[in-house]
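# Chain and residue survey
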Amino acid sequence: MTDKIYVISCNQELASMGLDRMRTSVQGLDPATLDIDWSNARLVPIVAAERVAFEEDETKMVSIQPIDVPANSIVLNSFYGSNGMGHLTCIGSTEMKPDYEKRTATIGMFRSRVKAPVMQNDLLGMALIVEAKRK
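What counts and how
Residues numbered from 1 in each chain as written. Predicted model: local features only at pLDDT ≥ 70, side-chain atom pairs only at ≥ 80, totals over all residues. Heavy atoms only, no water. Pairing = 2+ DSSP bridges. Helix = DSSP H or I, 4+ residues; strand = E, 2+ residues; numbered from the N terminus. Axes fitted to C-alpha atoms, helices over the stretch in contact; angles between N-to-C directions. Core = buried A, V, L, I, M, F, W, Y, C linked by side-chain atoms within 4.5 Å. Buried < 20%, exposed > 50% of the residue type's maximum accessible area, 1.4 Å probe, protein only. Contact = heavy atoms within 4.5 Å. Salt bridge = Lys/Arg side-chain N within 4 Å of Asp/Glu carboxyl O. Phe/Tyr/Trp six-rings, centres within 6.5 Å; stacked < 30°, edge-to-face > 60°. Lys NZ or Arg CZ within 6 Å of the ring centre and 35° of its normal. pLDDT = per-residue confidence, 0-100.

What follows is about the sheet that holds strand β7 (residues 86-92). Each strand in a sheet pairs with its neighbour through backbone hydrogen bonds, running either in the same direction (parallel) or in the opposite one (antiparallel). Spatially, three strands are ordered β5-β8-β7 in an open sheet, and the strand pairing comes out antiparallel. Either end of the sheet is taken by a strand with one partner, and the two such strands are β5 (58-69) and β7. Here the average twist between neighbouring strands, direction ignored, is 25°.

Shown next, in the form of structure tokens:
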């Protein structure tokens, strides 16, 4: 691929430096054909690792209990209601790793529809992790 691709950082610590986001150029994100193995798919709970207070309709990053994601795996969000307070939109980490490397998700982006805190050990959502191999 000849065009540059940029990853936008989701680290809230950037605000302390006066930044709202950081763009980093990455390589190796070319299209890939995968051999998907549905026989080993795992449904994984996404659980808060900290207490975070929310205002109504506020989105924040929440530390989550670590979730290991094998190399080349696909992570799908389960849209079945898991938390009546709001909705988890993504999981990841503050360090960008390409999909062909093992990754560990340690943060999630959560949007609350009410003024209330997410508490430690609250279920935020569910993810389906499907292992695959590059062809």
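Moving on, we come to the nonpolar core. Membership of the largest hydrophobic core comes to 17 residues, with the highest contact counts inside it found for Ile 46, Phe 54, Val 62, Ile 67, Phe 110, Val 118 and Leu 124. Mapped onto this core, the elements with two or more residues apiece are β3 (34-47), β4 (52-54), β5, β8 (103-112) and β10 (123-134). Sort the elements by how many residues they give to this core and β5 lands first, with four residues. Non-local contacts of Phe 54, meaning those with residues more than four positions away in its chain, are made with Thr 59, Lys 60, Val 62, Met 85, Phe 110, Ser 112, Val 114, Lys 115, Ala 116, Pro 117 and Val 118.

This structure, assessed with the given rule, holds three salt bridges. Across the pair Lys 102 and Asp 68 runs a salt bridge, and its minimum N-O distance is 3.6 Å. Residue Lys 102 is found in the loop between β7 and β8, and its partner Asp 68 is found in strand β5; the two are separated by 34 residues along the sequence. Asp 99 serves as the salt-bridge partner of Arg 134, at 2.8 Å between the closest nitrogen and oxygen. Separated by 35 residues along the polypeptide, Arg 134 in strand β10 and Asp 99 in the loop between β7 and β8 bring together distant segments of the chain.

Next up on the list: the packing of aromatic side chains. Going through the model one piece at a time under the given rule, you end up with one aromatic pair. Ring geometry for Phe 54 and Phe 110: centres 5.6 Å apart, planes at 70°, overall edge-to-face. Placement of Phe 54 in strand β4 and of Phe 110 in strand β8 is noted, with a sequence separation of 56 residues between them. Note on Phe 54: relative accessible area 2%, which makes it buried. When the ring centre of Phe 54 is taken as reference, the NZ or CZ atom of Lys 60 above it lies at 5.7 Å.

This part takes up the confidence of the model for the protein. The pLDDT averaged across the protein works out to 87; a share of 87% of its residues lies at or above 70. Looking at the elements of the protein, mean pLDDT is at its lowest for strand β2 (residues 23-26), recorded as 73, and at its highest for β4, recorded as 96.

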